[in-house]
Amino acid sequence: MKILMTGASGGIGTRLRELLPPIYPDLVLSDLTPPPNLKPNENFKQADLADLAAVEAICEGVDGILHFGGFSVEGPWDTILQANIIGGYNLFEAARKKGVKRIIFASSNHAVGFYPRHSKIPPDVTARPDSRYGVSKVFGEAVGSLYADKYGLSVTCLRIGNFGDRPLDQRRLSIWLKPEDLVQLCQIGLEHPAIHFEVLYGASYNERAWWDNSRAYEFGYRPVGKAEDHREHAMAEQARMKPDPVGDFYQGGAFCSAEFAGDF
Ligand code: 15L
């Protein structure tokens, strides 16, 4: 399979550039700017997601897309609009025009960040975004659903928790995603024959999980990361943080408390 990975210069993309080639040797990398440490054997194609013609060009001959591109945190509306709303739409539209069969869309826990931590949610809940960024992820999931139902693409939206080598604090003990586990989820999205449109949680085996990820397990997902193995480190980091009553109540953490002016 020829796989296109957008966001190749970002945090997730940088790590997956190491982990994907043994599984998908025909890998095309794309981003606004090339990764600083691009190797001679890597295939990089520059593209601005807000430019539909450029996105169509990078989709040429591709079988599946891992879409990690776009703006990955909260930001001003125009930034989110260009990178995630227009950029997200362009990605699906370019894929349709170029006959790409499968898309893995990097959604985020911030699409549902205003669910309280005491609730355990499955993928098919009403969206409760915690930021303009979260709204853009809900939009991306909706475009994915449309393109699956109307145009027959196979679409997997991964509501990614926090990607990294270990959970960074108490909140991340519930939402941590080990890089190798993200690779498993990408493989499911790219290859599982039964996927039409799915929303799965991008989380490892976390005992404190706020998400019911049984659907991913039905597709064969067997995460190897165990957040509690890193409990001591995460709790020590937590102890250095200031209390955040709103952020500590909701799943989205500081994305919820930022600009918060509601009743609490
Ligand atoms: C995300 O969606 C962001 O991309 C990442 O930078 C983290 O903030 C993560 O969520 C998180 O919630 O920890």
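Scroll up to find the structure this text is about.
Here's a quick rundown of the structure. (Residues numbered from 1 in each chain as written. Predicted model: local features only at pLDDT ≥ 70, side-chain atom pairs only at ≥ 80, totals over all residues. Heavy atoms only, no water.)

This model, assessed by the stated rule, comprises 13 aromatic pairs. Between Tyr-133 and Phe-255, the ring centres sit 5.9 Å apart and the planes meet at 45°, which makes this aromatic pair tilted. With Tyr-133 in helix 4 (residues 132–151) and Phe-255 in helix 10 (residues 254–257), the pair connects residues that are 122 residues apart, well separated along the chain. Here Tyr-133 falls in the buried class, since its relative accessible area comes to 7%. With a relative accessible area of 22%, Phe-255 lands in the partly exposed category. For the ring pair Tyr-217 and Tyr-221, a centre distance of 5.8 Å and an interplane angle of 65° mean the geometry is edge-to-face. (Phe/Tyr/Trp six-rings, centres within 6.5 Å; stacked < 30°, edge-to-face > 60°. Helix = DSSP H or I, 4+ residues; strand = E, 2+ residues; numbered from the N terminus. Buried < 20%, exposed > 50% of the residue type's maximum accessible area, 1.4 Å probe, protein only.)

Close to the ligand lie Ser-72, Val-73, Ser-108, Asn-109, His-110, Tyr-133, Gly-161, Asn-162, Arg-171, Arg-172, Ile-175 and Phe-255. Taking Asn-109, its side chain carries an N or O atom lying 3.1 Å from an oxygen atom of the ligand. The separation between an oxygen atom of the ligand and a polar side-chain atom of Asn-162 is 2.8 Å. The protein chains hide 79% of the 320 Å² of surface that the ligand would expose on its own. Ranked by residue count, the leading element in the shell around the ligand is helix 5 (residues 170–175), at three residues. (Near = heavy atom within 4 Å. Polar contact = N/O pair within 3.5 Å; in protein donor to acceptor, adjacent residues only side chain to side chain. Areas by Shrake-Rupley, 256 points an atom, 1.4 Å probe, with all protein chains shown as cover.)

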